[in-house]
Protein chains: 2
Amino acid sequence: MLKGNAIVGQSGGPTTAINATLAGVIKGAFESEAIDIIYGAHNGVEGMLDGRITNLNEVIKSEMDFKLLASTPAAALGSCRRKLPKMGEDDAVYEKLFDFFKANNIHYFFYIGGNDSMDTVAKVSAYAEAHNYEIKVMGVPKTIDNDVVGTDHTPGYGSASKYIATSMQEILRDCAVYTVKAVTIVEIMGRDAGWLTVAAGLPRIINGIGPDYIYLPERAFDIDKFIEDVKTALEKHPNVVIAVSEGLRDADGKYVGESAQSGATDVFGHKYLSGTGKSLELIVKEKIGCKVRSIELNLLQRCAAHCASKTDIEESLMVGAAAVKNATEGISGKMMCFTRTSSNPYTVEATYADIEKIANQVREVPAEFINEAGNNVTDECLEYIKPLISGESEVFWKDGLPSHFAINYLG
Amino acid sequence: MLKGNAIVGQSGGPTTAINATLAGVIKGAFESEAIDIIYGAHNGVEGMLDGRITNLNEVIKSEMDFKLLASTPAAALGSCRRKLPKMGEDDAVYEKLFDFFKANNIHYFFYIGGNDSMDTVAKVSAYAEAHNYEIKVMGVPKTIDNDVVGTDHTPGYGSASKYIATSMQEILRDCAVYTVKAVTIVEIMGRDAGWLTVAAGLPRIINGIGPDYIYLPERAFDIDKFIEDVKTALEKHPNVVIAVSEGLRDADGKYVGESAQSGATDVFGHKYLSGTGKSLELIVKEKIGCKVRSIELNLLQRCAAHCASKTDIEESLMVGAAAVKNATEGISGKMMCFTRTSSNPYTVEATYADIEKIANQVREVPAEFINEAGNNVTDECLEYIKPLISGESEVFWKDGLPSHFAINYLG
């Protein structure tokens, strides 16, 4: 068994569950005989390159610290968007990184992040192999977008979905109180895949209420058909609620914001693109003329830890610990995955996959999860994602607000 | 003791706590010997005028029904924005209303709503007195805005504040992960008073983190000073977070959206006013040029029942029941209020006040609650509102989502 110290970093956009995975990695390292010290790198690989690291053995002191960390949203170690150069193009970066590894006796490298982060994992692994430096390198995915291939779903997706479904249900209640015709458009994150927008449909199979329509980027968006859909719904009841992905595009691949807004200018006279929801709001106002508003769920989708899925947080912890276990058993250069072993009852196992088979691909919502008209999702789809929002992760309330766990760089 | 049936209605914008007050009124009626049947009017006074009422004794069957109702956001009976005419102007409306009362033996009238609803309470009370119809009429305020005079705070404000403070804390965590200079502007509800925006400051006294600045409509907003404030903050740290009220106005009383956006046009070439947050986003982009985004907390502020304040929900129940008790003891034509009897420990009592002394006034955030520079709130202010977000109201989760209680009109 390879013995030495470990380093862990976080990279890419924050999620509600990325600190649970961090807690899982740290816990795994604490419990492993192979790992002496586990360091946290602040702002991912940037902290490794400029020496901003923290000895996590001195920071996480109790079971309560683990629990608090796992319930804290966003990357407690900070994040970065740095992509490493191709090997051979700028080896100075790699030399600096590996000098840092040697100086700190680091032989385990754990990186929690999105597609770019898995690219870093693959490159660090390849460079180590080419230069005979023994280090086990494991990637753990995180993204609310759920668009990574090779895994049943991504850590972070379940909590984002729980927040979206809960908020959608509350918006539906709010919008139902008046008798005046009104359209409410809820814009949900997702540039390339509609997985998060799908979650807006969950109240339908759980509580029998749902938005009238759900539009995903997987289907070309047709504004005329959309207006017809809205008119049809308004004939049935006065309060129409619609969920849309931010990444809606027309048949030519143009984002709704672009294709609808050629004439819009901002306060300084610059060409101005508003979001998908706002664009559709203006179109409904112009073409139908009823009361209309748009709501962007925005950042809260990825950081609303007060409404996290217990399943997601527990799985995120589990997959972090499994990454350490795999690495100490000799696995390297892989990305951790979830394999769904049963749907009823729902069970999942932590597995791993080759990064090359995964990188630079987007897993879209499959065709059978979308209705024929392309304006809603199927029950099959909702049943598939339902277990991911199951259970409520513990929140440590104090004086009315959640307590969080900060890991500050102290120099 | 006056005996007969009662009617209860909800009016104005929904809140997270308005159904808790409804549950309190129903419970009070069930327990009162004076009241036989309590009817719910759908869409407030509109349902009384067109006969859409439900016998609530047949709908609320158990303690669990009360609990579910109290944890359901938005008006379960539906709402309206109807204002009654001045007495003598269109008495046909009053005649119809009082015919309805007589036909259904209604001698108790409870109305849960905002300023317009209290106006309805005053008018119904005055008409009854002038026409010798014996009915006890009580108003119970609800508004997330907390801008009603005569009461320490309004039912609904505590839950909205808890959601805003919790979300702000999560946004602060999310925004802290990168090292690149960025400004995040969070727009919070409140046209005339800054009470909701104030709540964004609560994480500061509870967990030691808070937005850099908080701008309220109580102080004239100066764009140049704002840009200087932002620059000052960016010199100290890269992630600047700012809370603003939607109702920010300049010294001439013009909304920020109006004064900043004379040149903006929408996709159809129409003059276009975006919200305060979006306007400030465009201004920061133009004048400072760093990464900037704006977030509107939007509808969730008034309907996020999954994050309701236990104090608020319990007080809302309590004040609803107290309205019934007062009415059956002979009080009429009043609005229920909260009187804070002690700040440490926090205790509150249900009282009542004359509507004429309250109507058409806005209670602003007092000067001593705002710092001298006018760009933040004082600790004294935050300590004052802190007890209102205390405790977490029970949520009845099922399959990952909250269960709600619907009262549908069945005809």
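In this text, all values refer to a predicted model and were calculated from it rather than measured experimentally.

J.: Give me the lowdown on the overall build of chain A, citing residues and values where you can.
T.: Looking only at helices and strands, one finds 14 helices and 13 strands in chain A. Burial status across chain A gives 64% buried among its 411 residues. Contacts spanning at least 24 positions in sequence make up 76% of the contacts within chain A whose residues lie at least 6 apart. For chain A, the computed accessible surface area is about 14,900 Å², with 46% contributed by carbon and sulfur atoms.

J.: Could you give an account of the sheet that holds strand β8 (residues 239-245) of chain B, naming the residues involved and the relevant values?
T.: Residue and element names in this part refer to chain B. Strand order in the open sheet formed by four strands is β7-β8-β6-β9, with parallel pairing between adjacent strands. On the outer flanks of this sheet lie β7 (213-215) and β9 (291-296), each paired with one strand and no other. Averaged over all pairs of adjacent strands, the angle between strand axes in this sheet comes to 20 degrees, irrespective of strand direction. Seen against the sheet, helix α9 (residues 223-236) touches β6 (182-188), β7 and β8 and runs at an angle of roughly 165 degrees to β7.

J.: So, the relation of the copies chain B and chain A: which residues are in play, and what are the values?
T.: With an RMSD of 0.0 Å, the operation that places chain B on chain A is a rotation of 180 degrees combined with a shift of 0.0 Å along the axis. Interpreted geometrically, this transformation is the action of a two-fold axis.

J.: Give me the packing of helix α4 (residues 91-103) of chain A against helix α5 (residues 115-130) of chain A: which residues, what numbers.
T.: Residue and element names in this part refer to chain A. Contact geometry of α4 with α5 gives a least axis separation of 11 Å together with a crossing angle of 80 degrees. Comparing the axis directions of α4 and α5 gives the class roughly perpendicular. The segment α4 lies against α5, with D91, Y94, E95, L97, F98 and F101 engaging K123, V124, Y127 and A128. Looking at side-chain class alone, the contact of α4 with α5 contains seven nonpolar, no polar and three charged residues.

J.: Lay out the interface of chain B and chain A with the relevant residues and their values.
T.: Taken together, the contact between chain B and chain A spans 72 residues of the former and 72 residues of the latter. Regarding the contact of chain B and chain A, the summed buried area is about 5,900 Å², with carbon and sulfur atoms giving 60% of it. Summed over the shared surface of chain B and chain A, the result is four salt bridges. One salt bridge in this structure joins D399(B) and K386(A), with 3.6 Å as the shortest N-O distance. In this assembly, chain B and chain A are joined by 30 residue pairs in polar contact (both at pLDDT 80 or more).

Calculation rules
Residues numbered from 1 in each chain as written. Chains lettered and ligands numbered in written order. Predicted model: local features only at pLDDT ≥ 70, side-chain atom pairs only at ≥ 80, totals over all residues. Heavy atoms only, no water. Helix = DSSP H or I, 4+ residues; strand = E, 2+ residues; numbered from the N terminus. Buried < 20%, exposed > 50% of the residue type's maximum accessible area, 1.4 Å probe, protein only. Contact = heavy atoms within 4.5 Å. Areas by Shrake-Rupley, 256 points an atom, 1.4 Å probe, with all protein chains shown as cover. Pairing = 2+ DSSP bridges. Axes fitted to C-alpha atoms, helices over the stretch in contact; angles between N-to-C directions. Least-squares fit on C-alpha atoms with pLDDT ≥ 70 in both. Parallel < 35°, antiparallel > 145°, perpendicular 65-115°, else oblique. Nonpolar A, V, L, I, M, F, W, Y, C, P; charged D, E, K, R; others polar. Buried area = accessible area lost by both parts, 1.4 Å probe. Salt bridge = Lys/Arg side-chain N within 4 Å of Asp/Glu carboxyl O. Polar contact = N/O pair within 3.5 Å; in protein donor to acceptor, adjacent residues only side chain to side chain.

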